[in-house]
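Okay, here's what each chain looks like letter by letter:
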Amino acid sequence: MREDRFDLPDVDAFTRPYWDAAADGRLLVRRCAACGLAHHYPREFCPHCWGEDVAWEGASGLATLYTWSVVHRNDLPPFGERTPYVAAVVDLDEGPRMMTEVVDCTEGELGVGMGLEVAFRDGVPVFRPRGGSRTAVRASMG
Ligand SMILES: [Zn+2]
């Protein structure tokens with residue numbers, strides 16, 4: 001991890017396909033061939049049945065908002081420059097629940113169950129309202 005950035009991943013050999021895809025604008029999940037369920041974050045074993053026959057799969061990038069918190073203070077760079085921001089938990093259409101950030105959306109527009117689609121900032125998946133942003137795209141969006 002870079003000393004001056006707390007928002008970028010520590011990539012290892014196992015998670016490299018995930019981050020390579022994200023850098024390419026694609027979201028991956030892991031799916032188990034034994035029970036058929038997808039999971040996230042990526043694990044080498046299925047967290048549902050402990051099966052080992054688990055593979056990467058391209059996700060739709062679609063999700064719904066499960067819950068969120070508006071963060072007004074964070075001393076770790078670069079989060080301080082982004083406040084207020086929306087830390088969120090979303091339900092991917094493939095099933096897994098994912099920790100992320102919702103962008104391009106004002107606090108008043110947020111609602112449980114709202115449709116979201118994946119976007120990428122510095123190769124990290126974030127989510128925005130489905131069908132394009134409702135507010136001006138932030139300067140920080142790449
Ligand atoms: Zn399984």
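Residues numbered from 1 in each chain as written. Predicted model: local features only at pLDDT ≥ 70, side-chain atom pairs only at ≥ 80, totals over all residues. Heavy atoms only, no water.

## A short note on the sheet that holds strand S3 (residues 54-58)
Pairing in this open sheet of three strands is antiparallel, and the strands run S2-S1-S3 from one edge to the other. Because the sheet does not close on itself, it has two edges, and the strands there are strand S2 (38-39) and S3. Across two bridges, the pairing between strand S1 (residues 28-32) and S2 is antiparallel. The residue of S2 that forms the bridge with Arg-30 is His-39. (Pairing = 2+ DSSP bridges. Helix = DSSP H or I, 4+ residues; strand = E, 2+ residues; numbered from the N terminus.)

## Thoughts on the coordination of the zinc ion
Ideal donor angles around a metal are set by the shape: a four-donor tetrahedron calls for 109.5 degrees, a six-donor octahedron for 90 or 180 degrees. Bound to the zinc ion on the protein side are Cys-32 (SG), Cys-35 (SG), Cys-46 (SG) and Cys-49 (SG), at distances that span 2.3 to 2.4 Å. The site at the zinc ion holds four donor atoms, and with the angles between them running 101 to 119°, its shape is tetrahedral. Mapping the donors of the zinc ion onto the primary sequence yields the spacing C-x2-C-x10-C-x2-C. Pair noted here: Cys-32 is in strand S1 and Cys-49 is in the loop between S2 and S3, with a separation of 17 residues, a long-range link. On the basis of relative accessibility, which here comes to 2%, the residue Cys-32 falls in the buried class. Cys-49 gets classed as partly exposed once you look at its relative accessible area, which sits at 33%. (Donors = N, O, S within 2.8 Å, 3.2 Å for Na, K, Ca; no water. Tetrahedral: all angles 85-135°; square planar, octahedral: opposite > 155°, others 65-115°. Buried < 20%, exposed > 50% of the residue type's maximum accessible area, 1.4 Å probe, protein only.)

## Considering the pairing of S1
The buried fraction of S1 amounts to four of the five residues, a majority that puts the element mostly inside the structure. Direction of pairing for S1 relative to S3: antiparallel, over a ladder of five bridges. Among the inter-strand pairings, Arg-30 is bridged to a residue of S3, identified as Trp-56. Hairpin connection from S1 to S2: five residues lie between these consecutive antiparallel strands, with Gly-36 at a positive phi of about 85°.

## Some remarks on helix H1 (residues 16-23)
Listing the buried residues of H1 in full gives Tyr-18, Trp-19, Ala-21 and Ala-22. On an axial view of H1, the arc spanned by its buried residues comes to 160°, and they lie on one face. Those residues of H1 hidden inside the fold are in contact with S1, S3, strand S6 (97-102), strand S7 (115-121) and strand S8 (124-129). Within two residues after H1, Gly-25 carries a phi angle of roughly 85°, on the positive side. (Arc of directions from axis to C-beta. Contact = heavy atoms within 4.5 Å.)

## As for the domain arrangement of the protein
Domain boundaries in the protein define domain 1 (16-58) and domain 2 (62-129). Placing a centre on the C-alpha atoms of domain 1 and another on those of domain 2 gives a separation of 21 Å. Of the residues lining the interface, 13 residues belong to domain 1; the matching set on domain 2 comes to eleven residues. Here domain 1 and domain 2 share an interface that buries about 830 Å² over both sides, 75% of which is from carbon and sulfur atoms. Area buried by domain 1 at its contact with domain 2 is led by Ala-22, Leu-27 and His-40, which between them contribute 49% of it. (Domains from an automatic or database assignment. Buried area = accessible area lost by both parts, 1.4 Å probe.)

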